[in-house]
Amino acid sequence: MSKGQKVVIISGTTSGIGKELARLYRQNGHTVIGMSRTATEPDIAVDVTDYNAVEQAVERVIEQYGRIDTVIANAGGGLSGATELLSTEEIEKQLSLNFTGALNLVQCALKGMDRGSNVAFISSACALFALPYRAMYCASKAAVNMAAHGLYMELKPHGIRVSAVCPGDIQTNFTANRIKYSDGGERYGDAPKNSAQKIDGREHKRMKLAPAAKKIYKCCNKCKKPLYIVGFKYKVLNFLRHILPQKLFLDVTAKLF
């Protein structure tokens, strides 16, 4: 392996952000091992919610390359619906994939990481401000941010950098793959369905995948800050979130979505 070449593990590389990140790392001469449920060689097929499977997959990488320089916890999925009406099973699945799955990968990868390594969690702008009828998705990503910030403090003295990267909406198949529950019952009526349709209808306004992925790639490479927000309007929204009264910010967000 040539000098400067990194060994990089990325989860969720079969499509979207993960696939594009893998391409960028390989394009820049790094060794990339993708991990996803439907991966094929040279990537590794693994369900990130299964700790033992992740541990075995990571051990294979360490055994082959001797180290891990960068781990990017990217695998995730969406869930929308009235929070009151979501089943415990669906809520647990969402938290297991977006939060526990990310933590599984990072915990296992850290066994092969040393000073100078990077840990990046691909979180979401939804981790910063809640949305109605997507509360469980937002909660799962907020948990990712808190875990990343805790690890940032724990690993900084040991020279391992940790960042949570929060992109806004990007044109991928994420929206189409989101699990949607439109039934609002007597209390919510058509509100969950209307909210989902409003969000889905903005697909053409989302950030293009290629340029957004380049920005995310730079964030993962640097890992100099505990938090990166990708997308100008999301940076503005985050600023407003800090200066406006919380009640006003939530009430405006509720009307918008």
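Our subject is the structure listed above.
In this report, the structure presented in the accompanying data block is examined. Since the structure is predicted, the reported quantities are computational estimates derived from the model, not experimental observations.

## What to know about the overall build of the protein chain
Phase 1: When its secondary structure is counted, the protein chain shows ten helices and nine strands.
Phase 2: In terms of overall dimensions, the protein chain is globule-like: its C-alpha atoms have a radius of gyration of 18 Å, near the 18 Å expected for 257 residues.
Phase 3: The C-alpha extent of the protein chain, read off along each of the three principal axes, is 60 × 35 × 35 Å.
Phase 4: Pairs at least 24 apart in sequence give 73% of the contacts found in the protein chain among residues at least 6 apart.

## Here we look at the pattern of salt bridges
Phase 1: For the structure shown, the criterion picks out nine salt bridges.
Phase 2: The partner of Arg-60 in a salt bridge is Glu-41, with the nearest N and O atoms 3.8 Å apart. Of this pair, Arg-60 sits in helix H2 (residues 51-65) while Glu-41 sits in the loop between strand S2 (31-36) and strand S3 (44-45), placing them 19 residues apart in sequence.
Phase 3: A relative accessible area of 45% means that Arg-60 is categorised as partly exposed.
Phase 4: One salt bridge connects Glu-55 with Lys-111, and the closest N-O pair in it is separated by 2.8 Å. Of the two residues, Glu-55 sits in helix H2 while Lys-111 sits in the loop between helix H3 (88-109) and strand S6 (118-122), which places them 56 residues apart along the sequence.
Phase 5: The exposure class assigned to Lys-111 is exposed, which follows from its relative accessible area of 52%.

## With respect to the packing of H3 against helix H4 (residues 135-155)
Phase 1: Closest axis-to-axis distance for the H3/H4 pair is 9 Å, and the angle between their directions is 20°. Considering their axes alone, H3 and H4 lie roughly parallel with respect to each other. Considering only the axes of H3 and H4, their crossing is right-handed. Residues Ile-91, Gln-94, Leu-95, Asn-98, Phe-99 and Val-106 of H3 touch H4, and the partners they reach there are Met-136, Tyr-137, Ser-140, Lys-141, Ala-143, Val-144, Ala-147 and Leu-151.
Phase 2: By residue class, the composition of the contact of H3 with H4 is ten nonpolar, three polar and one charged.

## Structural notes on the sheet that holds strand S4 (residues 70-73)
Phase 1: Spatial ordering of the open sheet is given by S3-S2-S1-S4-S6-S7-S9, a layout of seven strands whose pairing is parallel. The open sheet has two edge strands, S3 and strand S9 (227-230), and neither has a second partner.
Phase 2: Of the strand pairs in this sheet, S6 and strand S7 (residues 161-167) are connected by five bridges, and their pairing is parallel. Looking across to S7, one finds that Val-119 is bridged to Val-162.
Phase 3: Along the sheet, helix H1 (residues 16-27) makes contact with strand S1 (7-11), S2, S4, S6 and S7, crossing S1 at roughly 170°.
Phase 4: Taken strand by strand, H2 contacts S1, S2 and S3, and its axis lies near 165° from that of S2.

## Notes on unusual backbone geometry
Phase 1: That bond from Glu-41 to Pro-42 is cis: its omega, 10°, falls within 30 degrees of zero.
Phase 2: A positive phi angle is found at Tyr-133, which is not glycine, with a value near 65°.

## A look at the packing of aromatic side chains
For any two aromatic rings, the description comes down to two numbers: the centre-to-centre distance and the angle of the planes.
Phase 1: Using the criterion set out here, one finds four aromatic pairs in the structure.
Phase 2: When the centroid spacing of 6.1 Å and the interplanar angle of 55° are considered together, the rings of Phe-129 and Phe-249 count as tilted. Of this pair, Phe-129 sits in the loop between S6 and H4 while Phe-249 is found in helix H10 (residues 246-256), placing the two residues 120 residues apart along the sequence. The same class applies to Phe-129 and to Phe-249, which are both buried.
Phase 3: Taking 5.7 Å as the distance between ring centres and 55° as the angle between the ring planes, the aromatic pair formed by Tyr-137 and Phe-174 counts as tilted. Placement of the pair is Tyr-137 in helix H4 and Phe-174 in helix H5 (residues 174-177), with a sequence separation of 37 residues.

## What about a positive patch on the surface?
Phase 1: Judged by side-chain charge, Arg-161, Lys-214, Lys-215, Lys-218, Lys-222, Lys-224, Lys-225 and Lys-235 come together as a positively charged surface patch.
Phase 2: Per-element tally for the positive patch: the top contributor is helix H8 (residues 209-222), with four residues.
Phase 3: By the secondary structure assignment, Lys-225 is in the loop between H8 and S9.
Phase 4: A residue is classified by how much of its surface remains accessible, and Lys-225, at 45% relative accessible area, is partly exposed.

## Focus: helix H7 (residues 191-200)
Phase 1: Considered for burial, the residues of H7 that qualify are Pro-192, Ser-195, Ala-196 and Ile-199. Each buried residue of H7 lies within a common arc of 100° when the element is viewed along its axis, so the set occupies one face.
Phase 2: Contacts made by the buried residues of H7 are with strand S5 (79-80), strand S8 (179-180) and helix H6 (185-188).

Rules behind the numbers
- Think of each chain on its own: its residues are numbered from 1, step by step along the sequence as written.
- The predicted nature of this model means local features are confined to residues of pLDDT at least 70 and side-chain atom pairs, given and counted, to a pLDDT of 80 or more, with totals for whole chains, interfaces and linings taken over all residues.
- Heavy atoms throughout the structure, all of them, feed into the side-chain values; hydrogens and water do not.
- Helical segments are the DSSP runs of H or I of at least four residues, strand segments are the runs of E of at least two, and each set is numbered from the N terminus.
- The globule rule used for comparison is 2.2 Å times the number of residues to the exponent 0.38, while the radius of gyration itself is calculated over C-alpha atoms.
- Any two residues whose heavy atoms approach within 4.5 Å are treated as being in contact.
- What makes a salt bridge here is a side-chain nitrogen of Lys or Arg within 4 Å of a carboxyl oxygen of Asp or Glu, nothing more.
- Relative accessible area decides the class of each residue, using a 1.4 Å probe on protein chains only: under 20% of the type maximum gives buried, over 50% gives exposed, and in between gives partly exposed.
- The convention used is that axes are lines fitted to C-alpha atoms, helices contributing only their stretch in contact, and that angles between N-to-C directions extend from 0 to 180 degrees.
- In this scheme, roughly parallel covers angles under 35 degrees and roughly antiparallel covers those over 145, while 65 to 115 is roughly perpendicular and the rest are oblique.
- In a left-handed crossing the near helix is turned counterclockwise from the far helix by less than a right angle, and in a right-handed crossing that turn is clockwise.
- The classification used treats Ala, Val, Leu, Ile, Met, Phe, Trp, Tyr, Cys and Pro as nonpolar, Asp, Glu, Lys and Arg as charged, and all other residues, Gly among them, as polar.
- At least two bridges found by DSSP between two strands are what make those strands a pair.
- Pairs were defined over the aromatic rings of Phe, Tyr and Trp, the Trp ring being its six-membered one, requiring ring centres within 6.5 Å. Orientation was assigned from the angle between planes: stacked under 30 degrees, edge-to-face over 60, tilted for the rest.
- Patches here: salt-bridge-free residues with over 30% relative accessible area, like charges joined within 9 Å, nonpolar side chains (Val, Leu, Ile, Met, Phe, Trp, Tyr) joined within 5 Å.
- In these tables, accessible area is a Shrake-Rupley quantity obtained with a 1.4 Å probe, and a residue counts as shielded only by the protein chains included in the view.
- The charged-residue count follows a simple rule in which Lys and Arg add positive charge and Asp and Glu add negative charge, with His and chain termini not counted at all.
- A single reference atom marks each charge: NZ on Lys, CZ on Arg, CG on Asp, CD on Glu.
- As used here, the arc is the angular range of directions from the helix axis to the C-beta atoms.

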